[in-house]
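Structure assessment
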Amino acid sequence: MESIFRTEINRLIWEYNGEKIWIEPWGKDSLRLRCTMEAQMPENRDWALLSQPEIKVEIKIDEKCSAITNGKLTCHINENGFVKFENEKGETLLAERWQNRQNVNNRISLMIPGRELKPIPGGLYKAIVRFEGIEGEKFYGLGQRQEPFLNLKGCELELAQRNSQVNIPFVLSNRGYGFLWHNPAYGRVSFARNCTTWVAEVTPLIDYWVTAGDTPAEIVEKYMEVTGKPPMMPYFASGFWQCKLRYRTQEELLEVVREYKRRGLPISVIVIDFFHWQQQGEWCFDPKYWTDPEGMVKELKEMGVELMVSIWPTVDPRSRNYSEMKRKGYLVRTDRGVRTQMIFKGNEVFVDFTNPDAQKYVWNKVKENYFRYGIRIFWLDEAEPEYSVYDFDNIRYYLGPNLEVGNIYPMLYAKAFYDGMMQEGINDVINLARCAWAGSQRYGAAVWSGDIHSNFETLRKQVCAGLNMGLSGIPWWTTDIGGFFGGDPNDKKFRELIIRWFQYGTFCPIFRLHGYRLPTGEDIGDGDTDIHDVDTCGPNEVWSFGEEAYEIIKDLLFLRERLRPYIMEQMKAAHEKGTPPMRPLFYDFPNDNEAWNIEDQFMFGPDILVAPVLYEGARSREVYLPSGTEWRDVNSGLVYEGGQYIKCDAPLKIIPLFTRKEASIQIKS
């Protein structure tokens, strides 16, 4: 009788009743599993995974149970298709949860399989994979969630892109493995106590990747090896970025930078936000308000400042490019109703960045209207994209329906600009995007946490969001300092918030001020009432929040400047190994069990421990110092043994900071 197991080159294959499973090496100590009910295994779907050199593996074929071993990781699959992963010690890392119970009459009860491809009438499949829940297991990563948790155990989460939600379906387990759900379909994941369940609503296959490692750093480095590492960050990006919604004219923007220079303050990047154009989908300056882009960029560069320009993927039917883009199939389609996907100053549709020709089309417009002036960093806004109504089942891309492929959109948006800039000789590409997927980092995507609110509760959530993003493969991350929505510069409570947020932001990989401050909706005062006169905000420069705040923030600007050599060392590590500059304590101290429980502190590189103040009115906080080293309090100079909690004073001008005793970092002026 023909065996249900066979090998093909370096791959273990199981086939039964129309179901096919491929298990093969994909990077060091890592295996990729694919399963389908299609006639042929769908290939050319290496969405995030890069091709890897051939790795010698051990495959053992047995009629009852076969196995494939790649270094520290072994996958066992039995004759019934049950899958289990073990580490080199023989410890189970992942095991499918099959709830089939046979009673005395040989009848099967429950009949809940560990793996399903449920046919969708007239189409593909709904994929479900269930793994056994392990008591005490912790999960980290999964992109960016507006949740107050670093450890995601116990959470059920949507696998979809939204404004302020970034779906990167990679998790790191404290049990010594990493798991990538390699599927851009809309879905869900549940990290329940009894069962971990991954769901893709529309797909031709189950596809996931597993790696084993002894430390979190080892696991993340293997993940970055197969999904790609970021370019080397350009030096200018490690400084301070000034932004608000929005500078409306060329002279207004230049005057802000001149004021920074008059005050002797450091500034590296200034940003032109949205509606500097005449119409969405034209990707060029409105000459009425931006009279001499070339001269503007030249003056900024002479002052040592780079200009970042907002790009939106929205196209208004009134724009000069709409008809051509529609004719060529460069726009996202809707399956039902009118072709309006966003309503914001018009009835817009989105560029279909899953279409390679659409990618080139938009880049060529950007090259002609921005890049040729010397602009070399772009703000890729609306990157989810942000539909006015998130009816994912009504959106169709060049690559397929949103329900099947939609989560990959932000990665391909970043790729369009990366490819274009690389062709123009820019090797250290960095662009700011509001969303990402697995692999976005290799295209120079820096990500910020979206349009979040201005309050302490939201600030607390950003700490967890940023740490999980770093573990998900996005080392370049930031927030709108002060939050985006709201915040009155004259309000005493907001002034406290922005000071505390600035203290936190100083130790984020990207140091960027942005926001939609009160008062909003001011008119330029030129007598016109066109779309360019609305959606503006009040002051949002570092001197806008009163003298006390200014003096504290000014010191933080210079602190960031002193840290830039150290920061660039961390960016080199991110480029070479994928190491996130900002990471949880357990990344550097995996053998300290308490470090795995700390969710409101972080390491900034290997030597700086940051404990931001995250509650209104707080003037002290408890800090945990990991074991295995001695810690120097930057503010007091006192040295403490690790492995203990201490209470730190934190008046408004102080953020608790510690360095390893032996580290030589210039933090104090």
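Residues numbered from 1 in each chain as written. Predicted model: local features only at pLDDT ≥ 70, side-chain atom pairs only at ≥ 80, totals over all residues. Heavy atoms only, no water.

Focus: the sheet that holds strand S36 (residues 602-604)
Read from one edge of the open sheet, six strands run S35-S36-S37-S42-S39-S40, paired in antiparallel fashion. Bordering the open sheet on either side are strand S35 (582-583) and strand S40 (639-641), each of which pairs with just one other strand. Here strand S39 (residues 630-633) runs beside strand S42 (residues 657-660); their pairing, made up of three bridges, is antiparallel. When the bridges of S42 are listed, Asp633 appears paired with Phe658. (Pairing = 2+ DSSP bridges. Helix = DSSP H or I, 4+ residues; strand = E, 2+ residues; numbered from the N terminus.)

Regarding helix H8 (residues 456-471)
Here H8 contains 16 residues, and its C-alpha end-to-end distance of 24 Å stays within 8% of the 22 Å for a straight helix at 1.5 Å per residue. With respect to burial, H8 is a largely interior element, 14 of its 16 residues being buried. Backbone nitrogen of Glu457 and a side-chain oxygen of the N-cap are separated by 3.3 Å at the start of H8; the cap is Asn455. After H8 finishes, the residue Gly473 shows a positive phi value of roughly 105 degrees. (Expected span 1.5 Å × (residues − 1). Buried < 20%, exposed > 50% of the residue type's maximum accessible area, 1.4 Å probe, protein only. Polar contact = N/O pair within 3.5 Å; in protein donor to acceptor, adjacent residues only side chain to side chain.)

Observations concerning the nonpolar core
Core analysis: the biggest nonpolar cluster contains 177 residues, and Phe378 and Phe502 have the highest contact counts within it. In terms of residues, this core owes the most to one element, helix H10 (residues 547-577), which gives twelve residues. For Phe502, the contacting residues outside a window of four places in its chain are Phe240, Ile481, Phe511, Leu513, Val542, Ile553, Leu556 and Leu557. Within the second largest apolar cluster, 41 residues are counted, among which are Leu31, Cys75, Val171 and Phe179. (Core = buried A, V, L, I, M, F, W, Y, C linked by side-chain atoms within 4.5 Å. Contact = heavy atoms within 4.5 Å.)

Here we look at the sheet that holds strand S25 (residues 333-334)
On the basis of which strands lie adjacent, the open sheet formed by three strands has the order S25-S29-S30 and antiparallel pairing. The open sheet terminates on both sides in strands that have one partner only, identified here as S25 and strand S30 (400-401). One ladder, built from two bridges, connects S25 with strand S29 (residues 395-397); its direction is antiparallel. Note on S29: the bridge partner recorded for Thr334 is Ile395.

Re the packing of aromatic side chains
Considering all chains together, one arrives at 54 aromatic pairs under this definition. Aromatic side chains Phe170 and Tyr223 sit 3.8 Å apart centroid to centroid with 10 degrees between the ring planes, which places their arrangement in the stacked category. In this pair, Phe170 sits in strand S16 (residues 170-173) while Tyr223 sits in helix H1 (residues 216-227), placing the two residues 53 residues apart along the sequence. Judged by centre distance (5.0 Å) and plane angle (35 degrees), the rings of Phe179 and Tyr208 are tilted. Here Phe179 is found in strand S17 (residues 177-181), whereas its partner Tyr208 is found in strand S20 (residues 205-212), with 29 residues between them in sequence. Taken individually, Phe179 and Tyr208 each receive the classification buried, so the pair is uniform in this respect. Sitting over the ring of Trp14, Arg115 keeps its end group 5.9 Å from the ring centre. Across the ring face of Phe344, the terminal group of Lys345 is positioned such that the distance to the ring centre comes to 5.3 Å. (Phe/Tyr/Trp six-rings, centres within 6.5 Å; stacked < 30°, edge-to-face > 60°. Lys NZ or Arg CZ within 6 Å of the ring centre and 35° of its normal.)

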